[in-house]
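Structure at a glance
Residue-level listing of the chains:
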Amino acid sequence: SISDISAVQSAEMILLNGAGFASWIDRVSLPRARVVNTSRAIEDQFIVTESITHSHGDGGEHSHEGVASYTWLDPMLASAQAEAVAAAIARKGLAPPDDVYSKLGALIGELETLDADAKLALSGARDIPMIATHPRYQYLAQRYDLSIASLEWEAGEAPSAEGLAELEALVSETGARILIWEAEPPAAAIEATDALGIQSVVFDPMAHAPSDGTYLGSFATAVTSLADAAGLRPAN
C-alpha cells in the first residue's frame, strides 16, 4: 500500500534480504543512501534456477527464473547477511558499535550451532529423495546435500487432481518418500498424498517472521521434523 511504501522510504535504514527476494523494490523509488543489500557479499554463492513457466488460478502465466531467493535456509549464508546488517548499523551510527558486534558474535555462534546440529541430524539423508510443494529449498538442499525435486503448488492449499497426478508422476520418477510443505495443508490433502506412500513434513521457508518463536527455533524444529520423516531419529 502507499502508506507501507512511505514508511519504508522514510526509514533510517532499508535492508534487502535474500537473492532478489523483494521484487517490489523494482517498482518504487528508494533512497539509495539508506538501502543495504545484505546479500551482496554472498552473490558468488547464489544458486541459478531454471526458468519454469506456469499459471496460478486466474493469474495467468508467469515464470520463476534467475536465482533462488531463500538464502537464509542456509544458516551460514544467514550469518553472512547478519554481518552485513551489523556493519551497516555500526557505520550509520544507529547503535554503539561495541554493542552491535557483541550481539553479532552471539548470533553467529547460535547460527553455527544451528548449522552443526542440522548437519548431524540430516547426515544420513543424502540418498533419500524428497519433493517440495514449491521451489523454495535450494539453499537448504545445497548446504545439507539433500535431493529435493519441486512442484508448483500454492502454500498450504489442497492440490487439484492435476496436481496429485503430477506428484504421483514425480514420486514414480524420483522414488521420493517425503513431501515438504511450505505451510500446514488441509487434512484431506495429507490423506491424498499419504495414499501415494509419501510422508508429509511442514518446513516453513520463513518468507515472513515466524508467527511463534524465532528463526533459530523454527529452523531447528523443521530440521527435526525432516529428520524424523526420513527415519534418521529414533521414534519417541
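A short tour of the structure in this document, coming up.

The rules behind each value
For every chain, the first residue of the written sequence is number 1, and numbering continues from 1 onward in sequence order. Local features are withheld for residues below a pLDDT of 70 in this predicted model, meaning they are given only at 70 or higher, and side-chain atom pairs are given and counted only at 80 or more; totals for whole chains, interfaces and linings count all residues. Water and hydrogen atoms were dropped before computing side-chain values, which therefore reflect all heavy atoms in the structure. Each reported salt bridge corresponds to a side-chain nitrogen of Lys or Arg within 4 Å of a carboxyl oxygen of Asp or Glu. Working definition: helices are DSSP H or I runs of at least four residues, strands are E runs of at least two. Numbering for both runs from the N terminus. Three labels apply to residues, based on accessible area from a 1.4 Å probe with only protein chains included: buried if under 20% of the type maximum, exposed if over 50%, partly exposed otherwise in between. Aromatic rings from Phe, Tyr and Trp, taking only the six-membered ring of Trp, are treated as a pair when their centres fall within 6.5 Å; an angle between ring planes under 30 degrees marks them as stacked, one over 60 as edge-to-face, and anything in between as tilted. In this description, a nonpolar core means a group of buried Ala, Val, Leu, Ile, Met, Phe, Trp, Tyr and Cys residues linked to one another through side-chain atoms lying within 4.5 Å. Residue contacts are counted whenever heavy atoms from the two residues lie within 4.5 Å of one another. Any two strands between which DSSP finds at least two bridges are classified as paired. Axis lines are fitted to C-alpha atoms, over the contacting stretch for helices. Their N-to-C directions set the angle, which ranges from 0 to 180 degrees. By the definition adopted for this analysis, an angle is roughly parallel if under 35 degrees, roughly antiparallel if over 145, roughly perpendicular if from 65 to 115, and oblique otherwise. Charged means Asp, Glu, Lys or Arg here, nonpolar means Ala, Val, Leu, Ile, Met, Phe, Trp, Tyr, Cys or Pro, and polar covers whatever is left, Gly included. With strands facing away from the observer, any crossover in which the path from the first strand over the helix to the second runs clockwise is taken as right-handed.

1. Some points on the pattern of salt bridges
- A complete count under the given rule lists 4 salt bridges for this structure.
- One salt bridge in this structure joins Arg143 and Asp115, with 2.7 Å as the shortest N-O distance. Of this pair, Arg143 sits in helix H4 (residues 138-144) while Asp115 sits in helix H3 (residues 97-121); the two residues are 28 residues apart in sequence, bridging distant segments of the chain.
- In this structure, Arg136 engages Glu182 in a salt bridge whose closest nitrogen and oxygen atoms are separated by 3.0 Å. Within this pair, whereas Arg136 is found in the loop between strand S5 (130-132) and H4, its partner Glu182 is found in the loop between strand S7 (178-181) and helix H6 (187-194), the two being separated by 46 residues in sequence. Each of the two residues, Arg136 as well as Glu182, counts as buried.

2. A few points about the packing of aromatic side chains
- Evaluation of the coordinates by the stated rule reveals 5 aromatic pairs.
- For the ring pair Tyr70 and Trp72, a centre distance of 5.0 Å and an interplane angle of 40° mean the geometry is tilted.
- A relative accessible area of 8% means that Tyr70 is categorised as buried.
- Clustering of aromatic rings is evident, with ring pairs tying together Tyr137, Phe203, Tyr215 and Phe219.

3. Brief notes about the nonpolar core
- Judged by nonpolar contacts, the single largest core of 29 residues is most densely connected at Leu73, Leu146, Ile178, Phe203, Phe219 and Leu226.
- At the level of secondary structure, the elements contributing two or more residues to this core comprise H3, S5, H4, S7 and helix H7 (215-229).
- Contacts of Phe203, omitting those with residues within four sequence positions, involve Leu73, Tyr137, Leu140, Ile180, Trp181, Glu182, Phe219, Ala222, Val223 and Leu226.
- Ile131, Leu151, Leu170 and Ile198 belong to the second largest nonpolar core, which has 11 residues in total.

4. Brief notes about the sheet that holds S5
- The 4 strands lie next to each other as S6-S5-S7-S8, forming an open sheet whose pairing is parallel. Edge positions in the sheet fall to strand S6 (148-150) and strand S8 (199-202), since each of these pairs with one other strand and no more. Strand-to-strand twist of the sheet, defined as the mean angle between neighbouring strand axes without regard to direction, takes the value 30°.
- Two strands pair when backbone bridges link them, and S5 and S7 are joined in this way by 3 bridges, in the parallel orientation. Note on S7: the bridge partner recorded for Ala132 is Ile180.

5. Points about the packing of H3 against H7
- Running from N to C, H3 and H7 point in directions that differ by 5°, and their axes come no closer than 10 Å. In terms of axis orientation, H3 runs roughly parallel to H7. Listed contacts from H7 to Glu110, Leu111, Leu114, Ala118 and Ala121 of H3 are Tyr215, Leu216, Phe219, Ala220, Val223 and Ala227.
- By residue class, the composition of the contact of H3 with H7 is 10 nonpolar, no polar and 1 charged.

6. Section: the pairing of S7
- Burial along S7 is two-sided: Ile178 and Ile180 and Leu179 and Trp181, pointing in opposite directions, are all buried.
- Of the pairings in the sheet, the one linking S7 to S8 comprises 4 bridges and is parallel in character. Across the sheet, residue Ile180 finds its bridge partner in S8, namely Val201.
- In this fold, the crossover linking S7 to S8 by way of H6 has right-handed handedness.

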